[in-house]
Amino acid sequence: MSGKTVLILGGGIGGMVAASELRRLLPTEHQVALVEKNPKHAFPPSFLWLMTGDRQPDQITQDVRRLVRSGVEVILAEVQSIDLSNRSVQTNAQTLNYDYLIIALGAELAIDAIPGLAESAHTYYTFDGSMKLRDTLRNFAGGKVAVVVSALPYKCPGAPHEGAMLIANMLRKRGLQDSEVHLFTPEPQPMPVAGPALGEAVKQMLADRGVAFHPLHKLNQVNPDARELAFDGKDSFHYDLLVAIPPHRGPRLARESGLANEAGWIPVDRATLQTKHENVFAIGDATAIQIPGRWKPDVPMMLPKAGVFAHAQAEVVARRIAAEIAGVKTEDMFCGDGYCMLEAGEDVAGFAFGDFFAEPSPQIQLRQMGWTWHVGKVLFEQWWLAPYGLRREVLKQALHFGGRALGIPMM
Ligand SMILES: Cc1cc2nc3c(=O)[nH]c(=O)nc-3n(C[C@H](O)[C@H](O)[C@H](O)COP(=O)(O)OP(=O)(O)OC[C@H]3O[C@@H](n4cnc5c(N)ncnc54)[C@H](O)[C@@H]3O)c2cc1C
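If you're wondering where the values come from, they're calculated on a predicted model, not measured in any experiment.

Description of the site of the ligand
Not every one of the 29 residues close to the ligand is listed here, only the nearest: Gly 14, Glu 36, Val 79, Asp 285 and Val 308. Val 79 is positioned such that a nitrogen or oxygen atom in its backbone is 2.9 Å from a nitrogen atom of the ligand. Burial of the ligand by the protein amounts to 89% of the accessible area it has alone, namely 1000 Å². Listing elements by their share of the shell around the ligand, those giving two or more residues are α1 (13-25) and α9 (307-326). Counting residues per element, the shell around the ligand draws most heavily on α9, which supplies three residues. Across the shell around the ligand, the residue classes break down as 15 nonpolar, eight polar and six charged. Two domains each provide a minimum of three residues to the shell around the ligand, namely domain 1 (5-107 + 250-333) and domain 2 (109-247).

Right, dumping it as structure tokens:
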């Protein structure tokens with residue numbers, strides 16, 4: 001058997017897991033190469049704590065090379081194009097050939113897609129944006145804060161709600177009791193994919209923390225001079241501080257290589273993560289995966305974009321490729337299980353988990369809010385950022401056993 005090359009594009013959450021898992025499973029005659037443009041990984045769920053000042057930048061960043069298993073070849077370069085017919089990838093430094101390709105390039109943010117948004121909005125959806133917003137919130141004189149989900153889809157269904165609650169908490173702590181936090185979204189309820197009961201529970205969480213929730217508000221433009229938000233068919237809103245969840249779009253490379261659908265995301269087989277091209281897989285935020293149920297009568301539901309799914313998909317793809325290389329049959333499939341800790345401030349979090357592939361629609365449960373879930377989120381962060389090795393393994397086992405003890409089978 002000659003040595004095979006598995007090439008992984010994008011060393012974020014999905015890409016790093018896929019690379020490490022493949023390296024663990026494949027004999028050394030096979031090459032596992034990971035191409036990533038940023039030498040330092042910044043853990044996105046911790047952007048919220050960077051914004052609140054609970055974390056410093058070096059506490060939420062780590063060298064990509066320390067986060068993957070030894071033996072993974074990390075290529076620090078920017079991918080420029082994918083040539084599917086010649087099984088090669090062009091970076092700004094070299095041409096790379098592959099036998100198997102895993103695309104884990106995530107989603108791009110397109111803040112310029114809505115007129116006026118780039119000039120006026122802060123965001124905690126990027127590392128730099130979180131730092132800037134932290135300073136702005138420290139000096140904010142008070143008034144109306146608008147947190148706006150500016151378009152669908154976006155990553156992490158919980159993050160807009162978490163951000164709004166944490167901002168409300170920060171303002172309260174600063175004694176700005178008269179300030180208001182408003183959360184606007186085009187969705188009919190919080191986290192619609194999780195069903196009406198969970199939506200009501202999250203609405204209550206928001207209300208308890210003084211966040212006004214405005215569903216069915218689709219932003220069409222911002223007037224930076226007047227500090228005004230314009231929505232389709234709704235009253236405009238005057239803000240003093242604007243925080244946006246920017247519009248997202250699929251990675252340019254996927255669109256240019258012909259892998260993407262009309263909306264710009266990569267359709268994959270939901271169980272195997274295989275694209276329409278042989279030996280080419282896609283995982284994580286870059287993908288489009290339809291799930292049971294309808295968001296509106298004419299709009300099918302899609303699997304949310306979240307690290308927990310990128311992670312699980314990466315493990316499935318790695319095991320499937322390793323089995324194929326070894327000439328072994330496998331039934332390994334991505335089953336749609338996921339979970340999310342919803343940080344609400346004051347060291348308290350909620351916890352939602354369930355089966356997103358359940359028929360006739362996802363079956364998601366919400367556990368009562370508490371300190372335990374906040375600790376779980378911190379442990380998760382520590383595990384994720386620990387260099388590959390013993391400490392990481394200990395943290396993983398702690399999460400696994402903690403999760404089982406709390407009746408969470410997928411942790
Ligand atoms: C504020 C916030 C909070 C979140 N909280 C949670 C949470 O609590 N739970 C959860 O499950 N998810 C959460 N998420 C979502 C989660 O971070 C993403 O869903 C996850 O990172 C997706 O993984 P991915 O591998 O698909 O993409 P990414 O992790 O985004 O990785 C893509 C990688 O590709 C690289 N790349 C892109 N283009 C190129 C190129 N041309 N050449 C080389 N490299 C390239 C990027 O640099 C990046 O490292 C949160 C996100 C945000 C923003």
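There is more to say, and it comes next.
Quick look at the packing of aromatic side chains
The final tally for this structure, using the stated rule, is 14 aromatic pairs. Between Phe 334 and Phe 357, the aromatic rings sit 5.4 Å apart at their centres with planes inclined by 85°, giving edge-to-face as the arrangement. Placement of the pair is Phe 334 in the loop between α9 and β24 (337-345) and Phe 357 in the loop between β25 (348-355) and β26 (363-370), with a sequence separation of 23 residues. When its relative accessible area of 4% is taken as the criterion, Phe 334 is described as buried. With a relative accessible area of 8%, Phe 357 lands in the buried category. With a centroid separation of 6.4 Å and 90° between ring planes, the pair formed by Trp 383 and Trp 384 is classed as edge-to-face. Judged by relative accessible area, Trp 384 falls into the buried class, the value being 2%. An aromatic cluster is built from Phe 43, Tyr 339, Phe 351, Phe 353, Trp 373, Phe 380, Trp 383 and Trp 384, whose rings are joined through pairwise contacts. Lying across the ring of Phe 357, Arg 270 places its NZ or CZ 4.0 Å from the centre. The cationic tip of Lys 305 hangs over the ring face of Trp 265; the distance from NZ or CZ to the ring centre is 4.0 Å.

So, how was this worked out
Residues numbered from 1 in each chain as written. Predicted model: local features only at pLDDT ≥ 70, side-chain atom pairs only at ≥ 80, totals over all residues. Heavy atoms only, no water. Near = heavy atom within 4 Å. Polar contact = N/O pair within 3.5 Å; in protein donor to acceptor, adjacent residues only side chain to side chain. Areas by Shrake-Rupley, 256 points an atom, 1.4 Å probe, with all protein chains shown as cover. Helix = DSSP H or I, 4+ residues; strand = E, 2+ residues; numbered from the N terminus. Nonpolar A, V, L, I, M, F, W, Y, C, P; charged D, E, K, R; others polar. Domains from an automatic or database assignment. Phe/Tyr/Trp six-rings, centres within 6.5 Å; stacked < 30°, edge-to-face > 60°. Buried < 20%, exposed > 50% of the residue type's maximum accessible area, 1.4 Å probe, protein only. Lys NZ or Arg CZ within 6 Å of the ring centre and 35° of its normal.

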